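# Structural characterization, general
One letter stands for each residue in the lines below.
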Amino acid sequence: MARIAVIGAGVVGLAAALALRADGHEVIVFDRDPEGDKCSWGNAGALAVTEIVPRSGPGLLWKIPGWLLDPLGPLALRPGHLPRLLPWLARFLASGRAAEVAKAAAALAALHALTAGEWRRLLAATGMSGELRETGALTLYRTERGFAEDQRFWAISRAHGIAFEELTPSAARAMEPALTPDIARAVFTPGWMHVSDPKAIWAGLLAAARGRGIGIRRAEIASIAAPGVVADERFERILVAAGAWSARLVHSAGERALLEAERGYNTTLPRPGIEVGRELIFAEHHFVATPLAVGLRIGGAAEFAGLAAPPNYARAAALLTLARRYLPGLDPAGGTVWMGQRPSTPDSLPVIGLSPRRPDLAYAFGHGHLGLTQAAGTARLITELIAGRAPAIDPAPFAITRFA
Ligand SMILES: Cc1cc2nc3c(=O)[nH]c(=O)nc-3n(C[C@H](O)[C@H](O)[C@H](O)COP(=O)(O)OP(=O)(O)OC[C@H]3O[C@@H](n4cnc5c(N)ncnc54)[C@H](O)[C@@H]3O)c2cc1C
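Conventions we followed
- Residues numbered from 1 in each chain as written.
- Predicted model: local features only at pLDDT ≥ 70, side-chain atom pairs only at ≥ 80, totals over all residues.
- Heavy atoms only, no water.
- Near = heavy atom within 4 Å.
- Polar contact = N/O pair within 3.5 Å; in protein donor to acceptor, adjacent residues only side chain to side chain.
- Areas by Shrake-Rupley, 256 points an atom, 1.4 Å probe, with all protein chains shown as cover.
- Helix = DSSP H or I, 4+ residues; strand = E, 2+ residues; numbered from the N terminus.
- Nonpolar A, V, L, I, M, F, W, Y, C, P; charged D, E, K, R; others polar.
- Phe/Tyr/Trp six-rings, centres within 6.5 Å; stacked < 30°, edge-to-face > 60°.
- Buried < 20%, exposed > 50% of the residue type's maximum accessible area, 1.4 Å probe, protein only.
- Lys NZ or Arg CZ within 6 Å of the ring centre and 35° of its normal.
- Core = buried A, V, L, I, M, F, W, Y, C linked by side-chain atoms within 4.5 Å.
- Contact = heavy atoms within 4.5 Å.
- Axes fitted to C-alpha atoms, helices over the stretch in contact; angles between N-to-C directions.
- Left-handed = near helix turned anticlockwise from the far one by under 90°.
- Expected span 1.5 Å × (residues − 1).

### Section: the site of the ligand
Taken together, 33 residues are adjacent to the ligand, and Asp 31, Lys 38, Ser 40, Gly 368 and Thr 373 come closest. A distance of 3.0 Å separates an oxygen atom of the ligand from a polar side-chain atom of Asn 43. Between the ligand and Gly 368 there is a distance of 2.7 Å, counted from an oxygen atom to a backbone nitrogen or oxygen. Alone, the ligand offers 1000 Å² of accessible surface; in the complex the protein occludes 97% of this. Among the secondary structure elements, those contributing two or more residues to the shell around the ligand are helix H1 (11-22), helix H2 (39-42), strand S14 (260-269), strand S18 (336-344) and helix H12 (371-387). In terms of residue count, S18 provides more of the shell around the ligand than any other element does, 4 residues in total. Split into classes, the residues belonging to the shell around the ligand amount to 15 nonpolar, 13 polar and 5 charged.

Here you go:
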């Protein structure tokens with residue numbers, strides 16, 4: 001049994017803290033604002049275990065200018081941030097080579113198969129099984145061209161055994177009557193899941209952590225340069241799970257990670273005026289609508305502006321405008337807007353593993369678009385690595401050494 005400090009009380013840090021505690025360790029979680037807003041609160045709530053294709057891909061470079069110029073487009077970039085973004089962007093584009101995509105997809109398929117079972121176990125152990133929605137997801141295409149362009153995505157998914165079914169537009173509308181008839185193609189993915197409300201899940205994990213004797217401390221950790229020391233306390237292990245802020249801590253320990261705050265926006269409509277039965281994915285426009293207990297949440301997009309830039313909620317409004325094209329009866333009134341900082345690596349793989357340089361250090365960050373999905377699987381993997389047991393899946397693709 002070890003004394004372990006976890007830095008970060010997001011869904012990743014809390015899931016890991018619970019798994020480490022269940023393994024018999026003494027665990028203290030540090031967060032500068034344990035009960036404050038974080039990426040784990042306002043996300044789309046998907047347990048997107050069927051989503052195993054990394055975000056970069058061949059030919060992506062040529063799409064970026066068009067996306068940047070489109071005010072309703074899925075990508076925004078603050079020009080002042082470009083110089084700092086360049087190393088990440090270069091690695092992102094390099095990760096789009098077919099061989100890299102194949103390797104990352106295989107790693108994600110293994111992690112997602114693990115996390116699906118681990119989430120069921122974690123929700124059951126924390127009394128939250130009833131918060132899981134196993135209604136699948138419907139991916140929608142406005143144009144034949146959009147569908148044709150996504151064939152690479154579906155081929156990789158098929159190769160990894162992901163089940164999906166192409167539907168006619170009328171079959172899709174029979175499933176989701178609120179949809180516009182102006183749909184060219186639809187694909188149903190039955191294995192996709194979502195939760196009732198990501199913030200409620202996070203709160204349930206926090207309550208479970210407290211109930212199991214895990215300490216929750218308010219402290220901003222500026223550095224982990226001193227081995228085994230966090231906030232002047234001594235630990236045998238330190239687990240960095242600080243979301244988009246993790247790179248600073250990693251650098252203070254003399255290691256390197258490429259991590260960007262990939263900001264995303266959404267609007268939650270408590271009274272959307274329509275019924276939506278499952279998560280809808282608007283493929284060409286790269287955003288989603290999820291029916292949550294707190295309302296219909298519409299959002300996505302990616303904005304690169306650094307950690308400190310103020311939010312630009314016009315991005316959330318743009319997605320709402322687009323959503324009305326797919327869901328003509330949508331009432332956009334009375335929504336709450338939100339921005340979150342996704343901790344994104346350029347190769348779409350989280351960093352999960354032990355430090356090669358310091359025996360006290362371990363990592364669980366960089367989950368990008370899928371941190372809720374991957375949290376439970378990450379918790380299992382890092383707990384096994386810390387215990388020195390044979391891990392459930394090959395941890396090599398997630399090692400921090402890939403950035404050395
Ligand atoms: C619009 C949007 C939609 C999304 N939808 C989904 C989805 O549907 N499904 C999905 O799986 N994922 C989704 N994500 C991604 C997901 O939300 C994130 O990957 C996940 O929440 C990251 O969790 P985390 O615990 O690593 O980070 P966070 O939730 O950000 O938690 C990090 C914590 O670390 C603390 N911290 C940071 N630095 C320090 C420090 N130095 N000292 C002390 N404390 C510190 C912070 O205060 C924070 O509480 C979405 C993200 C966005 C933005």
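Back to the write-up after that little detour.
### Considerations on the packing of aromatic side chains
Per the counting criterion, the structure on display carries 12 aromatic pairs. Both rings, one in Phe 282 and one in Tyr 326, keep their centres 4.3 Å apart while their planes meet at 40 degrees; by these two values the pair is tilted. Of this pair, Phe 282 sits in strand S15 (residues 279-282) while Tyr 326 sits in helix H11 (residues 314-326), and the two are 44 residues apart along the sequence. Taken as a pair, Phe 282 and Tyr 326 share a single burial class, namely buried. Within the aromatic cluster, the residues linked to one another by ring pairs are Trp 88, Phe 92 and Phe 304. Residue placement shows Arg 32 over the ring face of Trp 245; its charged tip is 4.5 Å from the ring centre. The ring of Trp 41 is capped by Lys 199, whose NZ or CZ atom sits 4.0 Å from the centre of that ring.

### Quick notes on the nonpolar core
Of all hydrophobic cores here, the largest spans 67 residues; its most connected members are Val 6 and Trp 119. In terms of residues, this core owes the most to one element, helix H5 (residues 98-125), which gives 12 residues. Ignoring any residue separated from it by four or fewer positions in sequence, one finds Trp 119 in contact with Val 11, Leu 47, Ile 201, Leu 205, Leu 372, Thr 373, Ala 375 and Ala 376.

### A word on the packing of H1 against H12
With their axes 8 Å apart at the nearest point, H1 and H12 run at an angle of 35 degrees to one another. Of the two possible hands of crossing, H1 and H12 adopt the one that is right-handed. Facing Val 11, Val 12, Ala 15, Ala 16, Ala 19 and Leu 20 of H1, the residues of H12 in contact are Gly 371, Leu 372, Ala 375, Thr 378, Ala 379, Ile 382, Thr 383 and Ile 386. Counted by class, the contact of H1 with H12 contains 11 nonpolar, 3 polar and no charged residues.

### Structural notes on H11
The end-to-end C-alpha distance of H11 is 19 Å, a good match for the 18 Å that 13 residues give at a rise of 1.5 Å each. For H11, the full list of buried residues reads Arg 315, Ala 316, Ala 318, Leu 319, Leu 320, Leu 322, Ala 323 and Tyr 326. At its buried positions, H11 is contacted by strand S4 (75-77), S14, S15, strand S16 (287-292), strand S17 (295-304) and S18.

### A few points about the side chain of His 25
Structurally, the position occupied by His 25 is in the loop between H1 and strand S2 (26-31). Other than its neighbours up to four places away in sequence, His 25 contacts Met 1, Ala 2, Ile 4, Leu 20 and Ile 386.

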